[in-house]
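Geometric and topological summary
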Amino acid sequence: AISEGEILGYFYSKGIKPDGVQKLSKDMVKMICSEYEVEVIDAAAVRVEEMAKKKEILDEDDLDKLEDRPPVLTIMGHVDHGKTTLLDYIRKTKVAAGEAGGITQGIGAYKVLVPIDGKQQTCVFLDTPGHEAFGAMRARGARVTDIAVIVVAADDGIRPQTTEAIAHAKAAGVPIIVAINKIDKDGANPERVLQELSSVGLMPEEWGGDTPMVKISALKGENVDDLLETIMLVAELQELKANPQRNAKGTLIEAGLDKSKGPVATFIVQNGTLKRGDVIVCGEAFGKVRALFDDKGKRVDEAGPSIPVQVIGLNNVPSAGDEFEVVGSLDVARERAESRAEEVRNERITEKAGDGKVTLSSFA
Ligand code: GDP
Ligand code: MG
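To keep things clear, this report deals only with the structure shown in the data block. On a predicted model such as this, the values are computed, not experimentally measured, just so you know.

The rules we used
- Residues numbered from 1 in each chain as written.
- Chains lettered and ligands numbered in written order.
- Predicted model: local features only at pLDDT ≥ 70, side-chain atom pairs only at ≥ 80, totals over all residues.
- Heavy atoms only, no water.
- Helix = DSSP H or I, 4+ residues; strand = E, 2+ residues; numbered from the N terminus.
- Buried < 20%, exposed > 50% of the residue type's maximum accessible area, 1.4 Å probe, protein only.
- Contact = heavy atoms within 4.5 Å.
- Areas by Shrake-Rupley, 256 points an atom, 1.4 Å probe, with all protein chains shown as cover.
- Salt bridge = Lys/Arg side-chain N within 4 Å of Asp/Glu carboxyl O.
- Pairing = 2+ DSSP bridges.
- Axes fitted to C-alpha atoms, helices over the stretch in contact; angles between N-to-C directions.
- Arc of directions from axis to C-beta.

Now for the overall build of the protein chain. A count of helices and strands for the protein chain gives nine helices and 17 strands. With 364 residues in all, the protein chain has 46% of them scored as buried. Contacts spanning at least 24 positions in sequence make up 69% of the contacts within the protein chain whose residues lie at least 6 apart. Put simply, the protein chain shows about 18,900 Å² of open surface, and 48% of that area lies on carbon and sulfur atoms.

Shown next, in the form of structure tokens:
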């Protein structure tokens, strides 16, 4: 350790009088570090590198305004292994009190409250088929999902779509949690499933590996609380952050044409806060946000990081996986949308000249 006096002495010897030791300029820190052969690490640069690894939509400007954001999850797994049953159970039991009855139609994603240490913490589930969500993500290089929950039926074990789901999550660098489901059933053999998973490279935590696996019955709701707690623990380790104070950016997860509302689009806001009145561009579509609806169909004025929100006001229906961004004016938005449309036209021409059709699922 180096004493304060020693540091002060060093600066005096260089003819510098620090105004109290509490404030050293960047240059002074560099000087003292090189004197004592200590490596200087630029914290901001390190953080930017970490963000790039996690494929977060953050800029350097966001760094000093970062706040925690909820995790966004995708449930994947083989058909009939219980994905829908699990989602339904969570949706029925874990939405905010008094709001449960209010769910009329889904918007493709919803918020769930998980009590952790007596505090309600939010997590967000995507209700789109996992392979689509991941296909779109891979195609764009963006990462919408923070954690993949892979459901495996204890009476059936690993099947082709299980393997596929694991591959998607691994390719995207997303942490995996396994829900071993249907433990209530005759013929359920959760230990065999653990064995199968370890043989495809997912080593259970209880065997000293690093993949959390929770044995549940989605039908009966057994251990689903454990699963949610595990999810929140894994999320906490990821230190998910965003800057709510900036213009919103994010990804489209679902879109369609409503008879009375016109084009409707569900976005996950990934950074910033989306507000009513904002002008957005999303792929080839653009417009002013006329109204925002939350996952319970309730009108809201804004939506912050990780929050799914349905938007009305676009001139067109964008495509799944398109990213959206708030821009300064309708003119800018129109210009961007038009140049994107042109890009797409050119891509199509190139594809026709090539050897085959390229669709989103080609990336899945
Ligand atoms: P998905 O195709 O993965 O969405 O599977 P579903 O959620 O539709 O479930 C397929 C079937 O398995 C349905 O008949 C469910 O009732 C049943 N199922 C799902 N979870 C459980 C469970 O934990 N226990 C039992 N016994 N049946 C389950
Ligand atoms: Mg289903």
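Next comes the rest of the description.
Looking now at the environment of Ala-148. Summarising the element assignment, Ala-148 is placed in strand β5 (residues 147-153). For the pair formed by Ala-148 and Ile-166, sequence separation is 18 residues and the distance between their alpha carbons is 8.6 Å.

Here the structure, examined in full by the defined rule, presents 19 salt bridges. Linking Asp-156 and Arg-159 is a salt bridge whose minimum nitrogen-to-oxygen distance equals 3.1 Å. Salt bridges linked by common partners bring Asp-59, Asp-62 and Arg-246 together as one network.

Before going further, it helps to examine the sheet that holds strand β7 (residues 213-215). Strands sit in the order β3-β4-β2-β5-β6-β7 across an open sheet of six strands; the sheet is mixed. The open sheet terminates on both sides in strands that have one partner only, identified here as β3 (109-116) and β7. Strand-to-strand, the axes of this sheet are offset by a mean angle of 30°, without reference to chain direction. Both β5 and strand β6 (residues 176-181) contribute to a ladder of six bridges, which runs parallel. Residue Ala-153 lies in a different strand from β6, and its bridge partner there is Asn-181.

This part is about helix α2 (residues 26-35). Listed in full, the buried residues belonging to α2 are Met-28, Ile-32 and Cys-33. Down the axis of α2, the buried side of the element spans an arc of 130°, and every buried residue falls inside it. With respect to the buried face of α2, the exposed residues turned more than 90 degrees away are Lys-26, Asp-27 and Ser-34. Residues of α2 that are buried make contact with α1 (4-13). Where α2 terminates, the next one or two residues include Glu-37, which has phi positive at roughly 55°.

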